[in-house]
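Structural features, examined
So you can see what is in the structure, the chains are spelled out below.
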Amino acid sequence: MSAPRTLFDKVWDGHVVLERPDGVALLWVDRHFVHEGSHHGFAKLAARGMALAQPELTFGVVDHYAPTRGGLAAAAPDIQRMVRTLETNAEAHGFRCFGLDDPRQGIVHVIGPEQGLTLPGLTINCGDSHTSTHGAFGALAFGIGATEVAHVLATQTIWQKRPKRMRITIEGVLGPGVSAKDMALCWIARLGADGAQGHAVEYAGAAVRNLSMEGRMTLCNLSIEGGARCGLVAPDQVTVDYLHGRPFAPAGPEFDRAAQVWMDLASDAQALFDREILLDAADIAPTVTWGTSPEEALPVTASVPDPAGLPQGRAERAREALDYMGLIPGQPLAGTPIDTVFIGSCTNARIEDLRAAAAVLSGRRAKVPGLVSPGSRKIKAQAEQEGLDRIFIEAGLEWAEPGCSMCVGMNGDIVGAGKRCASTTNRNFRGRQGRGARTHLMSPAMVAAAAVAGGLADVRPLLEGRA
Ligand SMILES: CC(C)[C@H](C(=O)O)[C@@H](O)C(=O)O
Ligand code: SF4
């Protein structure tokens, strides 16, 4: 009998083409997603006069520069050029590209799963750190750099050092108003932004099993913010049900055969992890970030930390973060006035996220302006069918087109300098949403609560008496 293996090992071992004596392996890549930012890779290919190795395993999508308001014609020339370059490369190399006029367009980490391109047991790469999202399906999915993008384009393979294995088990039941976003911010706050460095993280436990695919994607999306190479959740019936009938997923008897294989991808009972973390879902509160790293997060009921009480290195960083964020040590987080809200990004712009925000906003007015950008055109259509767009608009928020939008500001959607934004995104780095912009990360329901209160707020009282 072979040694017990983890889910990660099973997918990794199945993709090794060859292994160097130092343990670095050449892996076959099942899916390569490219976006506007991947243009360096195509330039490298062109410089060497090389062809794209596997056009049918390469999928492009316009997201980072996608205009969410006013269309491409009205966008700045450099934005138009970025979008056109991807579309031109797609034509030249003959790979499928979900461009701005494609009804399947959206953020790469949203549409991969939505279209059934993301499947359990596959290796998935993209020149983008949040490729970890696809691990929610039990795929081995990780972001790669520009040189690696070129390597995958040219060979459909990638050299990788085998990461260590870590398991984060979250048992118990989440309280009302607590979501996958809070689970992620909670473990990152506890372990630190480099807490899972060098590790492939498998999420397990009842609270993970009870998450929808949307929730699992949010959790895996943020893996990278805790330093992990990738995140994984073992496929189960929830995974199979989500994938059934997706355009690029297997169909008919082939689907049933595939589903059986997927269900066997779980970690063996005796499999060993290099590191094990155990959390109780009951201990997780609605969480917000107060600083300029996702690890600087606390329950919304807490107060801004006092750097004086922190160890020296951290104290200095906290002081700088608070200075940038314009916060005073000891001030309660709840009640901190905000200027704007953003609901969007590959972290939290799926249909379930929009429903959670709309459930809070329904029949209420936002005290601040804000932008809602669905994760894909398909999600936008679904939300409109459910009347969610009306709820956002009646609350006073703007309902926009899909794209990375205000998560990173590359398309021109930015938060003004010195302005404070409650955001469903995954990075609160300095200037992330625009120069001088102050970002507080939180769940969609919590962003909705902040909009209603005009400041950071606990969503739980707003949920009372609502379904
Ligand atoms: C621009 C892109 C390459 C970048 C990434 O690597 O993740 C962006 O998506 C981000 O979220 O910071
Ligand atoms: S939505 Fe934000 S985090 Fe996701 S890929 Fe786009 S820029 Fe990166």
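Please read all numbers here as calculations on a predicted model, not as lab measurements.

**A look at the overall build of the protein**
What the protein contains, in helices and strands, is 16 helices and 19 strands. With respect to the three principal axes, the spread of C-alpha positions in the protein is 55 × 55 × 45 Å. For the protein, buried positions account for 55% of its 467 residues. Taking the intrachain contacts of the protein between residues at least 6 apart in sequence as the baseline, contacts between residues at least 24 apart amount to 76%.

**Digging into the site of ligand 2**
Taken together, the neighbourhood of ligand 2 is formed by 13 residues, with S345, C346, C404, C407 and V408 sitting nearest. A class-by-class count of the residues in the shell around ligand 2 yields five nonpolar, six polar and two charged.

**Describing the site of ligand 1**
Neighbouring residues of ligand 1: G37, H64, G127, D128, S129, H130, G143 and V408. When the residues that make up the shell around ligand 1 are grouped by side-chain class, the tally is one nonpolar, six polar and one charged.

**Section: the nonpolar core**
A general tendency of soluble globular proteins is for nonpolar side chains to be buried together. Of all hydrophobic cores here, the largest spans 144 residues; its most connected members are V341, A357, L361, V447, A449, A450 and A451. It is helix α15 (residues 444–453) that contributes the most residues to this core, nine residues altogether. When residues no more than four places from it in sequence are discounted, the contact partners of A450 are I338, V341, A422, G455, L456 and A457.

**A few points about the packing of helix α6 (residues 180–191) against helix α8 (residues 213–221)**
Viewed as axis vectors pointing N to C, α6 and α8 meet at an angle of 20°, and their least axial separation amounts to 8 Å. Relative to α8, the element α6 is oriented roughly parallel. Where α6 crosses over α8, the handedness of that crossing is right-handed. In contact with A180, K181, M183 and A184 of α6, α8 contributes G215, T218 and L219.

**Details of helix α2 (residues 39–47)**
What α2 keeps buried is the set G41, F42 and L45. The buried residues of α2 occupy one face: seen down the axis, they fall within an arc of 95°. Looking at α2, the residues exposed on the side facing more than 90 degrees away from the buried face are A46 and A47. Tucked into the core, α2 has its buried residues touching α3 (77–93) and α5 (146–155). Backbone geometry just downstream of α2 places G49 in the positive-phi region, at approximately 65°.

**Observations concerning helix α13 (residues 377–385)**
Of all the positions in α13, only R377, I379, K380 and A383 are classed as buried. The buried residues of α13 occupy one face: seen down the axis, they fall within an arc of 160°. As for α13, its buried residues are in contact with α12 (351–361) and α14 (388–395). Within two residues after α13, G387 carries a phi angle of roughly 80°, on the positive side.

**Quick look at the confidence of the model for the protein**
Model confidence for the protein is summarised by a mean pLDDT of 97, while 100% of its residues fall at 70 or above. In the predicted complex, the global pTM is 0.98; the interface-specific ipTM is 0.98.

**What to know about the pairing of strand β11 (residues 230–233)**
Along β11, one buried face is formed by C230 and L232 and the opposite face, lined by G231 and V233, is buried too. Here four bridges tie strand β10 (residues 199–204) to β11, and the two strands are oriented parallel to one another. Note that in β11 the partner of Y203 across the bridge is V233.

**Comments concerning the sheet that holds strand β17 (residues 398–399)**
Overall, parallel pairing links the five strands, which are arranged β17-β16-β15-β18-β19 in an open sheet. At either margin of the open sheet sits one strand with a lone partner, and together these are β17 and β19 (438–441).

**A word on the sheet that holds strand β8 (residues 157–160)**
As summarised here, the arrangement of the three strands in space is β1-β2-β8, forming an open sheet in which the pairing is antiparallel. Edge strands, defined here as strands with exactly one partner in the open sheet, are β1 (16–19) and β8. Looking at each pair of strands side by side, their axes are set apart by 20° on average, direction ignored. With three bridges joining them, β1 and strand β2 (residues 25–28) adopt antiparallel strand pairing. Within β2, the residue paired with E19 across the bridge is A25.

**Quick notes on the environment of A43**
Tracing the sequence through the fold places A43 in helix α2. C-alpha of A43 to C-alpha of N125: the two residues are 82 residues apart in sequence and 18 Å apart in space.

**Re the environment of E36**
One can find E36 in the loop between β3 (31–34) and α2. Residues E36 and V62 lie 26 residues apart in sequence; the distance between their C-alpha atoms is 6.2 Å. Dropping the residues within four chain positions of it, E36 is found in contact with V62, H64, Y65, M82, V83, T85 and L86.

Definitions and limits used
Residues numbered from 1 in each chain as written. Chains lettered and ligands numbered in written order. Predicted model: local features only at pLDDT ≥ 70, side-chain atom pairs only at ≥ 80, totals over all residues. Helix = DSSP H or I, 4+ residues; strand = E, 2+ residues; numbered from the N terminus. Buried ≥ 20, exposed ≤ 12 C-beta atoms within 10 Å, placed from the backbone. Contact = placed C-beta atoms within 7 Å. Near = placed C-beta within 6 Å. Nonpolar A, V, L, I, M, F, W, Y, C, P; charged D, E, K, R; others polar. Core = buried A, V, L, I, M, F, W, Y, C linked by C-beta atoms within 7 Å. Axes fitted to C-alpha atoms, helices over the stretch in contact; angles between N-to-C directions. Parallel < 35°, antiparallel > 145°, perpendicular 65-115°, else oblique. Left-handed = near helix turned anticlockwise from the far one by under 90°. Arc of directions from axis to C-beta. pLDDT = per-residue confidence, 0-100. Pairing = 2+ DSSP bridges.

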